[in-house]
Amino acid sequence: MQKTVGIPRALLYYNYYPLWKTFFEELGCSVILSEKTSKEIMNRGIEVTVDDVCLPIKIYHGHIRNLLMKDLDYIFIPRIVSIYKKEYICPKFSGLPDMIRCNINELPTIISPIIDWSKSRRELTKVIFTVGSIFTSNPYKIWSAYKKGINQLKIYKLLLKQGFMPEDAINILVNKKDLLTPDFNKGKYTVLLLGHSYNIYDNFINMNIVQKLRKMECNVITPEQLPTEKIEKEVEKLPKKIFWSMSKKLVGNYLHYIKTSEIQGIIYLVSFGCGPDSLIGELVWKWANKNGQLPFMFVTLDEHTGETGFNTRLEAFVDMIERRVNI
Amino acid sequence: MKVTFPHLGNLYIVLAAFFENLGIDVVIPPPVTKKTIELGSMYSPEFACFPLKINVGNFIEALEKGADTIVMAGGVGPCRFGYYSQVQKEILEDLGYKFDMIIFEPPRGNMKTIIYEINKLFKGKNIKKIVKSAKIAWLKACAIEKIESQALYYRAREKNKGTTTRIYKSALNLISESSNEETINANVEKINKYFKSIELDMNYSPLKIGLVGEIYTLLEPSSNMNIENILGDLGVEVIKSIKLTEWANTNIILDMLRIRRPDNCTFAAKPYLNYFVGGHGVESVGETVIYAQKGLDGVIHLAPFTCMPEIIAQSILYKVSKDKQIPVMTVMLDEHSAETGFRTRVEAFVDLLNQKKEAIS
């Protein structure tokens, strides 16, 4: 019988889903995704978590509980500690499977490989085969599943670079549609939207910020659109290496775009209580203030953020851009 | 060159001894007061953790007193502490202060930069003298630690409330005034006698509460509203296992030699938290398990607001508390914490433990 694997539609789903999906499907599983983030999912997450964790983690708990309502054999909660050498994601990702185990009862078998490349990538093959061998004993099949997954991930990343949002990009991948030329970069102004992928791509958390900006004739650039080499080139100049991969990406984006005339404004989305961004966001904000060339807005999001207030801020921000451009 | 550094409990005595023996001028930041915390939180990022804010307050006050060099530790993540120095530097420079910042990164980082930083500080100093100063500083650190743990024991059992705290203060003064090995040793003897002279209530068996959590909030009394005194005055013996010398041992010396091994704590935490999460997250969980096995009456878990590793620990401690039948209270601290509310919570927790103890016996 076909085994089912549940994947929560939260956190690094936005970065790696095509890889995970292809890998499990090639091994003969059927992948079940949790529903799109909603108020109900959020509330179910808040019910089981402590007050102090950040909103994305609460929502992750909600997605896990949403998956539990489905018939699952396995649930995929990777422990993603570090993806690049001498860098980390965020401590909360290292403790995620443990938090889930302590907060939620009656879980199916958890598949929780440890992804820790902070020292080296030596363990990569081991991780692939340990996960793969749950489903098949054929090493060739496991390796080719991984290769296919990586290929899909590459195409996915290319789509993101063109400006597609993850949901659209995944749609294109899954339905094997032809690569369409993006039809959304037609606005008058361009805004750089900084923030972690699970904030800027989860339309519930960010209250549809991308669509709202596009409606107000703004093109949106996200951090995923800048090639890694360019990010590395910019962050090298910092006095101290930033050891959080995601924050490093944001800083690299800021430093790159601030020198070009491509953008007319910057919006920085953070979750309330985000550790890395409480420091890195402050640095970027200070730099932007000193630079003084571009409108910069810092938006803190949590479960209490009201949509009306958020809309007002967004409209005021776009108005400001409009006025500056028209002077 | 006038050197300053952030406050961390009684660490200032140790660092001042080290630099003064080397002939370097030291400006000890004024003791942390409400004003320090206010200054720090005014200029620091809103959601930065509490230690960063107190550090900034310390630096501002010390720079006002004439310091021109800040000595600070670094880190390699994932805890935010590793990036403190960069943010603090930026904040202070924006405020218009002129100063030099010497940052000691852990040896795991780049050896070259560490030697460069050390050079800045010890230019033209005799290596023998450096070793000698380090030795005196180490002796003082050990002496202070002994005083601290004695105070915890005696404060819970003393007959006349307040005696221990008085002796504790004068003992610290004695240590900070001692200038060489002999006087330190002599003073340690003297202090032992002082402590032994405290009148104790021999029939009283105090409640035992373990303190776990983030190292700064555990060691710096101004950040935890002096919880050791509050508990001690309620007749509770505080058990604490994060100690400065121990921390220095594992994090600096063993790390340099790369022989760091998983300890009891990591082992005890394993069923609940199976991976390194930065800071003292694993230690908080592990220590709670160990305290439960040792039969302590309860555990208080302290952390700065938004501290990432401790939030993970907090989520997991619920389960530990249930499984191991040990009451755990988490308190998140920041500049908005009010002492009265804090005291009430601690007193209520102690009351509960007392009732539980009575019910059992």
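All of these numbers come straight from a predicted model, not from anything done at the bench. (Residues numbered from 1 in each chain as written. Chains lettered and ligands numbered in written order. Predicted model: local features only at pLDDT ≥ 70, side-chain atom pairs only at ≥ 80, totals over all residues.)

Caption draft 1: Up close: the overall build of chain A. Each helix and strand in chain A was counted, giving 14 helices and 10 strands. Scaling as 2.2 N^0.38, a compact globule of 327 residues should have a C-alpha radius of gyration of about 20 Å, and chain A matches this with 20 Å. C-alpha extents for chain A along the principal axes are approximately 65 × 40 × 40 Å. Sorting the 327 residues of chain A into buried and exposed places 46% on the buried side. For chain A, the proportion of contacts with a sequence separation of at least 24, taken over those separated by at least 6, is 72%. (Helix = DSSP H or I, 4+ residues; strand = E, 2+ residues; numbered from the N terminus. Rg over C-alpha atoms; globule rule 2.2 N^0.38 Å. Buried ≥ 20, exposed ≤ 12 C-beta atoms within 10 Å, placed from the backbone. Contact = placed C-beta atoms within 7 Å.)

Caption draft 2: Summary view of the overall build of chain B. Scanning chain B for helices and strands turns up 15 helices and 8 strands. Over its C-alpha trace chain B gives a radius of gyration of 21 Å, about what one expects of a compact globule, namely 21 Å for 361 residues. With the C-alpha coordinates of chain B rotated into their principal frame, the extents come out at 65 × 45 × 40 Å. Expressed as a percentage of the 361 residues in chain B, the buried residues total 44%. Summarising the internal contacts of chain B: among those between residues at least 6 apart in sequence, 73% fall at separations of at least 24.

Caption draft 3: Representation of the pairing of strand β8 (residues 328-333) of chain B within the structure. Residue and element names in this part refer to chain B. As defined by bridge partners, strand β7 (residues 298-304) adjoins β8 across 6 bridges and the pair is classed as parallel. Paired with Leu302 across the strands is Val331, a residue of β8. Each parallel crossover has a hand, and for β7 linked through helix α14 (residues 308-324) to β8 it is right-handed. (Pairing = 2+ DSSP bridges. Right-handed = clockwise from strand over helix to strand, strands pointing away.)

Caption draft 4: Structural detail: helix α15 (residues 339-360) of chain B. An ideal rise of 1.5 Å per residue puts 32 Å on 22 residues; α15(B) measures up with 32 Å between its terminal C-alpha atoms. At its buried positions, α15(B) is contacted by β5 (207-213), α10 (227-233), β6 (236-240), β7 and β8 of chain B. (Expected span 1.5 Å × (residues − 1).)

Caption draft 5: The packing of helix α13 (residues 275-291) of chain A against helix α4 (residues 81-94) of chain B, seen in detail. Contact geometry of α13(A) with α4(B) gives a least axis separation of 10 Å together with a crossing angle of 30°. In terms of their interaxial angle, α13(A) and α4(B) are classed as roughly parallel. For the pair α13(A) and α4(B), the crossing hand works out as left-handed. Facing α13(A), whose interface residues are Leu279(A), Glu282(A), Leu283(A) and Lys286(A), α4(B) presents Tyr83(B), Val87(B), Glu90(B) and Asp94(B). (Axes fitted to C-alpha atoms, helices over the stretch in contact; angles between N-to-C directions. Parallel < 35°, antiparallel > 145°, perpendicular 65-115°, else oblique. Left-handed = near helix turned anticlockwise from the far one by under 90°.)

Caption draft 6: Examining the domain arrangement of chain B more closely. Residues and elements named next belong to chain B. Domain assignment breaks chain B into domain 1 (2-125), domain 2 (138-203) and domain 3 (205-361). Contacts between domain 1 and domain 2 engage 4 residues on the former and 6 residues on the latter. Residues of the side of domain 1 that touches domain 2, tallied by class, amount to 3 nonpolar, 1 polar and no charged. (Domains from an automatic or database assignment. Nonpolar A, V, L, I, M, F, W, Y, C, P; charged D, E, K, R; others polar.)

Caption draft 7: Examining the interface of chain B and chain A more closely. If you look at the interface, chain B gives 33 residues, while chain A gives 29 residues. Going through the elements one at a time, α4 and α14 of chain B are the ones with two or more residues in the side of chain B that touches chain A. No other element matches the 9 residues that α14(B) contributes to the side of chain B that touches chain A. Looking at the side of chain B that touches chain A residue by residue, the classes come out as 20 nonpolar, 9 polar and 4 charged.

Caption draft 8: Spatial organisation of the sheet that holds strand β1 (residues 4-7) of chain A. Residues and elements named next belong to chain A. Spatial ordering of the open sheet is given by β2-β1-β3-β5, a layout of 4 strands whose pairing is parallel. Across the chains shown, the open sheet's two edge strands, defined by having one partner strand only, are β2 (30-33) and β5 (109-111). Neighbouring strand axes in the sheet, compared pairwise and without regard to direction, differ in orientation by 30° on average. As paired strands, β1 and β2 are joined by 4 bridges and run parallel to one another. Across the sheet, residue Ile7 finds its bridge partner in β2, namely Leu33.

Caption draft 9: Quick peek at the nonpolar core. Counting 186 residues, the largest nonpolar core has Leu193(A), Leu194(A), Val285(B) and Ile316(B) as the members making the most contacts within it. Of all the elements, helix α6 (residues 127-157) of chain B adds the most residues to this core, at 9 residues. Apart from residues lying up to four places away in sequence, Leu194(A) is in contact with Pro223(A), Leu250(A), Asn253(A), Tyr254(A), Ile266(A), Ile267(A), Tyr268(A) and Leu269(A). (Core = buried A, V, L, I, M, F, W, Y, C linked by C-beta atoms within 7 Å.)

Caption draft 10: How the structure looks around helix α5 (residues 96-103) of chain A. In terms of residue burial, α5(A) counts as a mostly covered element, since 7 of its 8 residues are buried. Considered for burial, the residues of α5(A) that qualify are Leu96(A), Pro97(A), Asp98(A), Met99(A), Ile100(A), Cys102(A) and Asn103(A). Packing partners of the buried residues in α5(A) comprise α2 (39-48), α3 (55-68), β4 (79-82), α4 (91-94) and β5 of chain A together with α14 of chain B.

Caption draft 11: How the structure looks around the domain arrangement of chain A. All names here are of chain A. Looking at chain A, the domain boundaries give domain 1 (4-174) and domain 2 (189-326). Among the secondary structure elements, those contributing two or more residues to the side of domain 1 that touches domain 2 are α1 (13-26), α2, α3 and α7 (139-161). Among the elements that line the side of domain 1 that touches domain 2, the one with the most residues is α3, at 3 residues. Taken together, the residues of the side of domain 1 that touches domain 2 sort by class into 17 nonpolar, 4 polar and 4 charged.

Caption draft 12: Fine view of the sheet that holds β7(B). Residue and element names in this part refer to chain B. The parallel open sheet is built from 4 strands, whose spatial order is β6-β5-β7-β8. Edge positions in the sheet fall to β6 and β8, since each has one partner strand and no second. The average undirected angle you get between the axes of adjacent strands in this sheet is 25°. Here 5 bridges tie β5 to β6, and the two strands are oriented parallel to one another. Within the sheet, the bridge partner assigned to Gly210 lies in β6 and is Ile239.

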